[in-house]
Amino acid sequence: MKANLPQREPEIQRFWERADAYGAIRRARRDAEPFVLHDGPPYANGNIHLGQALNKILKDFVVKSRNMMGRDAAYVPGWDCHGLPIEHRVDKELGPRKATLDRIAFRARCRAYAEKFIEVQSGEFLRLGVLWDRELDRAERESDAPSRRAIYRTIDRTYEAEIVRQLGRFFTAHAVYHGEKPVHWCWSCRTALAEAEVEYEDRTDPSIYVKMPVRGLERRVPALAGRSVALVIWTTTPWTLPANLAVAMHPDLPYVGVDVAGEVLIVAEGLLAEVAAKLDWGSPEVVARFTGRELVGEGDAWIGLDAPIERPYPTPHGPSAGPGVLVLGEHVTLDAGTGNVHTAPGHGADDFAVGRRYGLPPFNPVGDDGRFVAAKVGPSWLGGAHVLEANAAIVDDLRRRGWLLLHEDHPHSYPHCWRCKNPVLFRATPQWFIAMEAGGLRDRAVAAIRASAWLPSFGEERIAQMVENRPDWCISRQRAWGVPIPAVVCAPCFEEHPDAYLDDPRFFEHVEALFLSEGSDAWFGLPADGGRPRPYPSGRARLERLVPDGIACRYCGSRDGLVLHDHIVDVWFESGVSHAAVLGRDPRLPWPADLYLEGHDQYRGWFHSSLLVAVHDRGAAPYRGVVTHGFTLDGEGRKMSKSLGNTISPLDVAARRGADILRLWVSMIDFLDDMRLSDEILDRNAEAYRKIRNTFRYLLGNLDGFEPERDRVPYERLHAVDRWALQQLEQVRRRLLAAYEAHQYHVVYHALHAFCGSTLSAVYLDVLKDRLYTFPADSPGRRSAQTVLYRLAVDLCRLMAPVLCFTAEEIWQELETLAGREAWADATVHAARFPEPLDAPEDRELLDAWNRLMEVRGEVAPALEAARRDRLIGTSLEAVVRLEAPPELAGFLRGFGDDLRFVLIVSGVEFAPVGPAAIRSERFPGLAVEIVRAPGRKCERCWSITEDVVADESDRFHGLCARCVGHVRAILSRAETA
């Protein structure tokens, strides 16, 4: 009964390794139709956590079940090896020593770190029961072969070359541009961030209402003539006010000018009551009404600079040094604020879009370190101040100057860097972008989404809206560790021609070939000399090596002005290339994948980036179907976090309880939602596991002496209850196979657990005990039971193998022995197929009859329990069940003959009138159940109480009932014959 999983599972792992279990699966499916689950790469930057374990186990369910369905489902795990997560860890390890390393040496440290944790995580995923081609893995680790793969790594030369090929496709199609526009920027890591690298956390910032004087509006609204007029704006980011260039109003919303202490203040009419109450205006007089369009104007009628806004902090020089302007913007809403939106094109996506429409530059006075650049802001006290520290100073300054109408703390959700956890900024910086409208990329991507299957179904709309509304893709990062963007620009032509970059396919083919032979370090240095690459001796030498002769600027025709940009490509672009780097190079791994399976955060991550790369390259999504799962939470529903101390290590669970206990948890939950785990939940899982394991112990323990080929009884000669059990098994088989097909693994768990616990242990196996324990070993009745027990063991073992992979293997090896084969040789359950259908038609009459009998059994059980509670009986075999039933029901029950008492597990059944204390059934009208103590003596062999027990102590069969005497005579006769 003690599974001893923490010790037993590693032994089974060694068997899989020794017997090449994965190879056996592949050989068994050599000619089958491929099924491709493409693995989303986790970061190789530490030990695996529970979310990664959940993801890998779910994928293992898919791969193992598809193989057992008869598909050729290879598994190629991948690892993300570049970018901030690994660079961040190496920075911490190096500390001040980083300053002594050149770029190539630092990149070598990052590579070594990633390779170390690929090995660590490989062992951890294997410990959880995940299988892949370890032999091929070892063989290819150094060769970096371009076709068949055991695993893939984004640091492989073939992978890095594919990244360049895909980037080259965008550059040659002129779908890439270099521009200055707002992006999420981590001032701590000093790099741009992708949307998927941003987490939203609660934060409290100043919420301020500010008035901004404006002149010249009387030309459009005569009622404002001769009045002092100001716009009222609201913001929770005071630090963006130094970059303010305009105030936006909605063209169609009604606005009002109200008199407040002799000054006309303008707000949206729909927000007037709320603003007046908050700013303590009382009931101000409305002196003018107008829409945004009537006040601001459009086209040739736009007021523009004729209605200058006094900005809080004019810049000392440059195109934004003058006053602000009043503009129109559809993004303005009445959700909060005043209806007038402070507009800083260098710090907001909507602001930038409005700025482009009105010719406003994306002015950004904030440096890479998050501090104001003194040369770009007016007040000297702002120069050098960090923007998050400047909030308080700006609020105080506005109050002193009389601009501040209200200041209060405002808790809100604010973007943070997913790696360093610091708040991020939205600031305009020069970056490389992929244009979403180039070549109709946006519309084509949405069409590809609609052509794919999504589980849950709302995922389709979720990612479609993301693609429809997303800005252009910022693909450049300011890092050292990663694949460089092969961007070479002509400096003299670049200002006049923003697309003055090399777009010659020969250039990208050349860089691709370099990366294929040397890796991406070729961009930064020459081939290895004495153990590692060395830096280029000069910029000219570097340029000549990376840009082949005959390739020059297409505008001026010269090579003299060519300059290499050293931006690193976004890691989401890297991982988005994986389908092209891994699939379609081997007939058993065709493109596109049948399935992507990741957490629901990947709608804006890997699902998204893979889609855009694939649609641009091949015009279709890289997946036919996508399944998403939720996040792991603690037992109280809180997000797991090291700071909260509520994390659960999957390796600790495997070491203390066994990996199968964790796998059982993954199967029992509905993974489409967020999932809870705690020690209490694991205790319940362990108990459920024990019930399943004990069912198999019963099955296997009663197969002694049974040789399947010799002793199997044909279906038509089986006892009725045995045929009923096989019919029940067939129903479960169908249910489980449909659940595996639909990725409903919680249905697999619940159906398996209910069948083992309710149908088998509580009913069928209980009913069989008399036949198994008292009939002669080779009697037809016992062989009938063993035939079904064997079929149950074999079929259920295969049905549960994708989930309880270790326990199923242990059972399978026991069954190998029964089948006359050597256990623990080379056969694995995972190379087997799911069970074939029962070779008999569905017997509805049998099922209905025995299901009805089981319902009657359920009505008898409370009466037996009451008799036991009243101490009338001890065990159920001390009872006779007296039934009073309508003729039809009584006739039905009598039809089961002697089987009836064995099904009820009593010593006798009588059909007779019952007394007043009988329990009357609600389920079966007219049925009443009474329990009486069985007359006679207890048979010492079968424990039934009968009146035919041999009483003569001198008799050889003393103490046995007549039925057991017959069984023992048969046993002795066979023994004497033998």
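Predicted model, so just to flag it, every value in this text is computed and none were measured.

All right, on to the overall build of the protein then. Of regular secondary structure, the protein possesses 31 helices and 33 strands. A compact globule built from 978 residues would reach a C-alpha radius of gyration of about 30 Å, whereas the protein, at 38 Å, exceeds it by more than 25%. Each principal axis of the C-alpha atoms in the protein carries an extent, and together these give about 125 × 80 × 45 Å. Here the protein holds 978 residues, and the buried ones make up 59% of them. Here the protein has roughly 39,500 Å² of accessible surface; of this, 50% comes from carbon and sulfur atoms. Across the protein, the mean location of the 120 positive side-chain charges is 3 Å away from that of the 138 negative side-chain charges.

Hydrogen bonds between backbone groups are what pair the strands of a sheet, and the pairing can be parallel or antiparallel. The three strands lie next to each other as β12-β8-β13, forming an open sheet whose pairing is mixed. Both edges of this open sheet fall to β12 (325-328) and β13 (340-343), since each of them pairs with a single strand only. Direction aside, the axes of adjacent strands within the sheet are offset by 30° on average. Sheet topology note: the strand β8 (residues 246-249)/β12 ladder contains four bridges and is parallel.

Within the structure shown, the criterion is met by 31 aromatic pairs. Between tryptophan 79 and phenylalanine 125, the ring centres sit 6.3 Å apart and the planes meet at 40°, which makes this aromatic pair tilted. Residue tryptophan 79 is located in strand β2 (residues 78-79), and its partner phenylalanine 125 is located in helix α5 (residues 103-127); the two are separated by 46 residues in the primary sequence. With relative accessibility at 0%, the residue tryptophan 79 sits in the buried group. For the ring pair tyrosine 603 and phenylalanine 607, a centre distance of 5.8 Å and an interplane angle of 70° mean the geometry is edge-to-face. Residue tyrosine 603 shares its accessibility class with phenylalanine 607, and that shared class is buried. In this structure, lysine 98 packs its charged tip against the face of phenylalanine 106, placed 4.5 Å from the ring centre.

A few words now on the nonpolar core. The biggest cluster of nonpolar side chains holds 245 residues, and the ones touching the most others in it are Trp432, Phe573, Trp665, Trp724, Tyr764 and Leu792. The biggest single contributor to this core is helix α25 (residues 745-774), with 14 residues. Counting 76 residues, the second-largest nonpolar core is a separate cluster that includes Leu265, Leu279, Val354 and Val366.

Okay, the sheet that holds strand β16 (residues 453-455) next. With parallel pairing, the four strands of this open sheet are ordered in space as β1-β24-β25-β16. Either end of the sheet is taken by a strand with one partner, and the two such strands are β1 (37-38) and β16. The pairing of β1 with strand β24 (residues 593-599) spans two bridges and is classified as parallel. What sits directly across from leucine 37, in β24, is leucine 595. Against the sheet, helix α3 (residues 50-68) engages β1, β24 and β25 (623-629), with an angle of about 155° to β24. Here helix α19 (residues 606-618) sits on the sheet in contact with β1, β24 and β25, set at roughly 145° to β24.

It is worth spelling out the packing of helix α24 (residues 720-741) against α25 at this point. Interaxial distance between α24 and α25 falls to 10 Å at its minimum, and their mutual angle equals 170°. One finds that α24 runs roughly antiparallel with respect to α25. Of α25, the residues touching α24 (which contributes Val721, Asp722, Trp724, Ala725, Gln728, Leu729, Val732, Arg735, Leu736, Ala739 and Tyr740) are Tyr745, Val747, Val748, Ala751, Leu752, Phe755, Thr759, Val763, Tyr764, Leu768 and Arg771. For the contact of α24 with α25, the per-class residue count stands at 17 nonpolar, two polar and three charged.

What the rule picks out here adds up to 80 salt bridges. The salt bridge partner of arginine 203 is aspartate 205, with a shortest N-O separation of 3.0 Å.

Inspection of the secondary structure assignment puts threonine 946 in strand β33 (residues 945-946). At 2.5 Å, the side chain of threonine 946 forms a polar contact with the side chain of aspartate 948.

Bringing the pairing of β24 into the picture now. Buried residues dominate β24, accounting for seven of its seven residues. Both β24 and β25 contribute to a ladder of six bridges, which runs parallel. Residue glutamate 598 lies in a different strand from β25, and its bridge partner there is threonine 628. Taking the sense of rotation as the criterion, the β-α-β connection linking β24, α19 and β25 turns out right-handed.

Counting through the fold element by element, alanine 223 comes out in the loop between β6 (198-213) and β7 (229-235). On the accessibility criterion, alanine 223 (39% relative accessible area) is partly exposed. Beyond its immediate sequence surroundings of up to four residues, alanine 223 is in contact with Val287 and Ala288.

We now examine α3. For α3, which comprises 19 residues, the first-to-last C-alpha distance of 27 Å matches the rise-based estimate of 27 Å (1.5 Å per residue) to within 8%. Of all 19 residues in α3, 19 are buried; the element is thus mostly enclosed. Residue glycine 70 follows α3 closely and has a positive phi angle near 105°.

A few words on the environment of valine 446. Its location among the elements puts valine 446 in helix α12 (residues 441-450). Since its relative accessible area comes to 12%, valine 446 is described here as buried. Distance in space between the C-alpha atoms of valine 446 and asparagine 47 is 36 Å, their sequence separation being 399 residues. In contact with valine 446, other than residues within four places in its own chain, are Ala464, Val467 and Glu468.

Relative to the helices and strands, glutamate 809 resides in helix α27 (residues 805-818). Buried glutamate 809, no salt bridge; nearest opposite-charge side chain is lysine 64, N-O distance 8.7 Å. A distance of 2.7 Å separates polar atoms of two side chains, one belonging to glutamate 809 and the other to tryptophan 16. With sequence-adjacent residues up to four places away left out, glutamate 809 is seen in contact with Ile12, Phe15, Trp16, Trp824, Ala827, Thr828, Val829 and His830.

Taking 1.5 Å as the rise per residue, α5 with 25 residues should run 36 Å; its terminal C-alpha atoms sit 36 Å apart, in good agreement. At the N-terminal end of α5, a side-chain oxygen is found 3.1 Å from the backbone nitrogen of isoleucine 104, two or three residues along, and the residue is aspartate 102. A positive phi of about 95° marks glycine 129, the residue just after α5.

Calculation rules
Residues numbered from 1 in each chain as written. Predicted model: local features only at pLDDT ≥ 70, side-chain atom pairs only at ≥ 80, totals over all residues. Heavy atoms only, no water. Helix = DSSP H or I, 4+ residues; strand = E, 2+ residues; numbered from the N terminus. Rg over C-alpha atoms; globule rule 2.2 N^0.38 Å. Buried < 20%, exposed > 50% of the residue type's maximum accessible area, 1.4 Å probe, protein only. Areas by Shrake-Rupley, 256 points an atom, 1.4 Å probe, with all protein chains shown as cover. Lys, Arg positive; Asp, Glu negative; His and termini not counted. Charge placed at Lys NZ, Arg CZ, Asp CG, Glu CD. Pairing = 2+ DSSP bridges. Axes fitted to C-alpha atoms, helices over the stretch in contact; angles between N-to-C directions. Phe/Tyr/Trp six-rings, centres within 6.5 Å; stacked < 30°, edge-to-face > 60°. Lys NZ or Arg CZ within 6 Å of the ring centre and 35° of its normal. Core = buried A, V, L, I, M, F, W, Y, C linked by side-chain atoms within 4.5 Å. Contact = heavy atoms within 4.5 Å. Parallel < 35°, antiparallel > 145°, perpendicular 65-115°, else oblique. Nonpolar A, V, L, I, M, F, W, Y, C, P; charged D, E, K, R; others polar. Salt bridge = Lys/Arg side-chain N within 4 Å of Asp/Glu carboxyl O. Polar contact = N/O pair within 3.5 Å; in protein donor to acceptor, adjacent residues only side chain to side chain. Right-handed = clockwise from strand over helix to strand, strands pointing away. Expected span 1.5 Å × (residues − 1).

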